[in-house]
Amino acid sequence: MSTSDSGSTADSPTDAPQFRPDPETASVIIFGASGDLTARKLLPALYDLWNDGYLCDQSPIIGVARREKTDEGFRGEIFEAMNGQGRDGAISPDQWERFSKRLFYRQLDIATADGYPNFKKQLEEIEDAQGTGRNRIVYMATSPDLFLPAIEHLGFVNMIPGRESAQWLRVVFEKPFGHDLTSAQQLTDNLRRLLREQQIYRIDHYLGKETVQNILLFRFGNSIFEPLLNRNHVDHIQITVSESQGLERGRGGYYDNSGALRDVLQNHVLQLLCLIAMEPPALFNSVDLHEEKLKVLKALSGGNKGDITNWVVPGQYSAGSVEGKPAISYLSEERIPPDSRTETFVAMKVQVDNWRWAGVPFYLRTGKRLPARVSEIAVQFKLPPLNLFNTVECDGNICALVGAQPNQLVFRIQPSESIKLSFSTKRPGMQYQIHPVTMDFNYKTFTQPLPEAYERLLLDVLRGDSTLFMRSDELEAAWQFVTPILDFWNRKKTLPEPYRSGSWGPRAADQLLNNDGRSWRSPAP
Ligand code: BG6
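### Details of the site of the ligand
And step 1. The local shell around the ligand consists of Lys175, His205, Tyr206, Lys209, Glu243, Gln245, Arg251, Asp263, His268, Lys368, Arg373 and Gln414.
And step 2. Take Arg251: an N or O atom from its side chain is 2.7 Å from an oxygen atom of the ligand.
And step 3. A distance of 2.6 Å separates an oxygen atom of the ligand from a polar atom in the side chain of Asp263.
And step 4. Calculation on the ligand without its partners gives an accessible area of 400 Å², and the protein chains cover 85% of this total.
And step 5. Within the shell around the ligand, the residues separate by chemical class into 1 nonpolar, 4 polar and 7 charged.

### Thoughts on the packing of helix H10 (residues 286–299) against helix H12 (residues 472–492)
And step 1. Contact pair H10 / H12: the axes reach a minimum separation of 9 Å and the direction vectors enclose 15°. It follows that H10 is roughly parallel to H12 by the angle criterion. Considering the relative orientation of H10 and H12, their crossing is left-handed. For the pair H10 and H12, contact is made by His290, Lys293, Leu294 and Leu297 and by Asp473, Glu474, Ala477 and Ala478, respectively.
And step 2. Partitioning the contact of H10 with H12 into residue classes produces 4 nonpolar, 1 polar and 3 charged.

### Things to note about unusual backbone geometry
And step 1. In the segment running from Lys175 into Pro176, the intervening peptide bond is cis, with an omega of 5°.
And step 2. Looking at where Pro176 falls in the secondary structure, it is placed in the loop between strand S7 (169–173) and helix H6 (181–192).
And step 3. The amide bond that connects Gln414 to the next residue, Pro415, takes the cis arrangement and shows omega of -20°.
And step 4. Following the sequence through the fold, Pro415 ends up in the loop between strand S19 (408–414) and strand S20 (418–426).
And step 5. Notably, Asn83 is not glycine yet its phi reads approximately 60°, a positive angle.
And step 6. In this structure, Asn83 sits in the loop between helix H2 (71–81) and strand S3 (85–86).
And step 7. The class of Asn83 is exposed, set by a relative accessible area of 62%.
And step 8. Positive phi is not limited to glycine here, since Arg335 has a value of about 65°.
And step 9. Considering the arrangement of structural elements, one finds Arg335 in the loop between strand S13 (325–327) and strand S14 (345–352).

### Considering the pairing of strand S18 (residues 398–402)
And step 1. Bridge count for strand S17 (residues 391–395) against S18 is 5 bridges, and the pairing is antiparallel. Across the sheet, Val392 pairs through a bridge with Leu401, a residue of S18.
And step 2. Hairpin connection between S17 and S18: a loop of 2 residues separates the two successive antiparallel strands, and Gly396 in this loop has a positive phi of roughly 65°.

### Here's the deal with the side chain of Gln95
And step 1. Within the element layout of this structure, Gln95 appears in helix H3 (residues 93–100).
And step 2. Those residues within four positions of Gln95 in sequence are excluded, and the remaining contacts are Tyr47, Trp50 and Asn51.

### Considerations on the state of the cysteines
And step 1. A complete count under the given rule lists 1 disulfide for this structure.
And step 2. Here Cys394 pairs with Cys399 through a disulfide, and the sulfurs are 1.9 Å apart. Here the S-S torsion is close to 110°, and the disulfide linking Cys394 with Cys399 is therefore right-handed.

### Points about the pattern of salt bridges
And step 1. Scanning all chains against the criterion turns up 34 salt bridges.
And step 2. Close ionic contact of Glu279 with Arg356 constitutes a salt bridge, the shortest N to O distance being 2.8 Å. With Glu279 in the loop between helix H9 (259–277) and H10 and Arg356 in the loop between S14 and strand S15 (361–367), the pair connects residues that are 77 residues apart, well separated along the chain.
And step 3. A salt bridge links Lys295 to Glu292; the nearest nitrogen and oxygen atoms lie 3.2 Å apart. Taken together, the residues Lys295 and Glu292, both in helix H10 and 3 residues apart, mark about one turn of the helix.
And step 4. Among the ionic contacts, a cluster of salt bridges with common partners joins Glu124, Glu127, Asp128, Arg134 and Arg136.

### Some remarks on the side chain of Thr211
And step 1. Here Thr211 shows up in helix H7 (residues 210–220).
And step 2. In this structure Thr211 comes out as buried when scored by relative accessible area, which is 6%.
And step 3. At 2.9 Å, the side chain of Thr211 forms a polar contact with the backbone oxygen of Ile413.
And step 4. With residues near it in sequence (within four places) discarded, Thr211 still touches Arg412, Ile413, Glu417 and Tyr443.

### Here's the deal with the environment of Gly403
And step 1. For Gly403, the position within the fold is in the loop between S18 and S19.
And step 2. Here Gly403 falls in the buried class, since its relative accessible area comes to 15%.
And step 3. Put simply, Gly403 and Val392 are 11 residues apart on the chain and 8.9 Å apart in space, counted from C-alpha to C-alpha.
And step 4. Ignoring sequence-local partners within four residues, the contact set of Gly403 consists of Asn387, Phe389, Asn390 and Ile434.

### Focus on the packing of aromatic side chains
And step 1. Per the counting criterion, the structure on display carries 24 aromatic pairs.
And step 2. Aromatic pair Phe218 and Phe225: ring centres 4.5 Å apart, planes at 25°, arrangement stacked. Note on accessibility: Phe218 and Phe225 belong to one class, buried.
And step 3. Here Phe441 and Tyr443 contribute two aromatic rings whose centre-to-centre distance is 4.9 Å and whose plane-to-plane angle is 55°, an arrangement assigned as tilted.
And step 4. Judged by its relative accessible area of 14%, Phe441 falls in the buried class.
And step 5. Residue Tyr443 is classed as buried on the basis of its relative accessible area of 9%.
And step 6. Through a chain of ring-to-ring contacts, the aromatic side chains of Tyr47, Trp50, Phe79, Trp96 and Phe99 assemble into a single cluster.
And step 7. A cation over an aromatic ring shows up here: Arg202 above the ring of Phe177, its NZ or CZ 4.8 Å from the ring centre.

Reading the values: the criteria
Residues numbered from 1 in each chain as written. Predicted model: local features only at pLDDT ≥ 70, side-chain atom pairs only at ≥ 80, totals over all residues. Heavy atoms only, no water. Near = heavy atom within 4 Å. Polar contact = N/O pair within 3.5 Å; in protein donor to acceptor, adjacent residues only side chain to side chain. Areas by Shrake-Rupley, 256 points an atom, 1.4 Å probe, with all protein chains shown as cover. Nonpolar A, V, L, I, M, F, W, Y, C, P; charged D, E, K, R; others polar. Axes fitted to C-alpha atoms, helices over the stretch in contact; angles between N-to-C directions. Helix = DSSP H or I, 4+ residues; strand = E, 2+ residues; numbered from the N terminus. Parallel < 35°, antiparallel > 145°, perpendicular 65-115°, else oblique. Left-handed = near helix turned anticlockwise from the far one by under 90°. Contact = heavy atoms within 4.5 Å. Buried < 20%, exposed > 50% of the residue type's maximum accessible area, 1.4 Å probe, protein only. Pairing = 2+ DSSP bridges. Disulfide = S-S within 2.5 Å. Salt bridge = Lys/Arg side-chain N within 4 Å of Asp/Glu carboxyl O. Phe/Tyr/Trp six-rings, centres within 6.5 Å; stacked < 30°, edge-to-face > 60°. Lys NZ or Arg CZ within 6 Å of the ring centre and 35° of its normal.

If you want it as structure tokens, here you go:
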């Protein structure tokens, strides 16, 4: 490790051998294969898994959607969307030829039962030709209203193996899983009539990010930091998931019914909060981890601050400029009603009412059209009890006496993936002058590229490991926390406070911290 403000030279186990078990064999069936997610995330992840030897040569990947398309057409589209690139660089024609042979496309109206018998027959033909067997992953990359009908139809054609069967079916559900607490519970209840919980994989792609997984390893794989992460030493914690982009093309319909609270805070932000706040699990396994995360979610509250408006701030972007480019307002985006009350930003001050964290504020924020795409958790420690050292710092003609700055431990999830610890040192010279510096671990010290979130998560589904997926009670606890806020906004017809595109959100969000004598960090990209 170095102790500089710029970069580091951490020991790098760069050529450490990777544990690689036998590749897994199963059919991967993607429902909703015409969508953006399939081309941008799922197929590139499957290619990299196959290229790294994790996905068996006999495993077919079958895209399923309503549009008519040939296998060749589908393969061409995917290649184009991948821009001829895998994670490790350009894909050679020979590699693509070998990989694309296992890519198939079958037309099916997922919503209606009629096509399923024929679909099953076609699938079995592919599997028999490949010698795959009947182990299957079905990835539901569709709109959520198709989740239940699709599973019912699979049930009608006996594609859901029972507990005793030697074959398995695992179904991955993209978010949103439910719209609020009641709908999430209903969906789980309905699916449970057809699938066992062990067959259900509710995805939150943040959990697949390498840097997110490292939060647990950092906390529980070291002994020197964990004793400090509690109310005795921590002043407060800030969690930011900010995006510079606005609405991606074609997403207006979904997003306007969702908003930042449902789209990102309910899942990604609360998961980050769980990982930084949870107690160490007794064992590092799925059950123990879920139990500990669940306890955090159950302890989450807005405190005794009265009205929700005192601790939650919704915002909506107006026109401005982001990263040097002009940006239109949310209300001018495609398919957004001119009177939309949907929030594109939300900030809140919450607390985790347990022994470890009582009294420590957690400030959460997420939003679109903010100055940079940054996700991070910043733990700010308390100041030393006595201020013994001061430095005169001048800015032009204005000089001030500056004392110790609070130590900060910052987990940078993306981009510039890193962990930074800031502390004070003596500025070289004949006086005791205090100067802040950082210890900086950057992921670049590992030469191998970080796997994409979907790669890791798809591999876990193949392995049957649900540790990095959301269990139903965990998901419901997150909805339980968020639903009263949604209901309140709905009841009061709350208008989100406008903020200029390219700013860090509405003024009221700053006020939330200023009221406590604190301020938000302005993380650089
Ligand atoms: C998705 C949201 O879950 O996460 C998107 O639906 C958001 O609106 C995205 O843009 C952010 O993910 P990432 O990995 O780019 O931080």
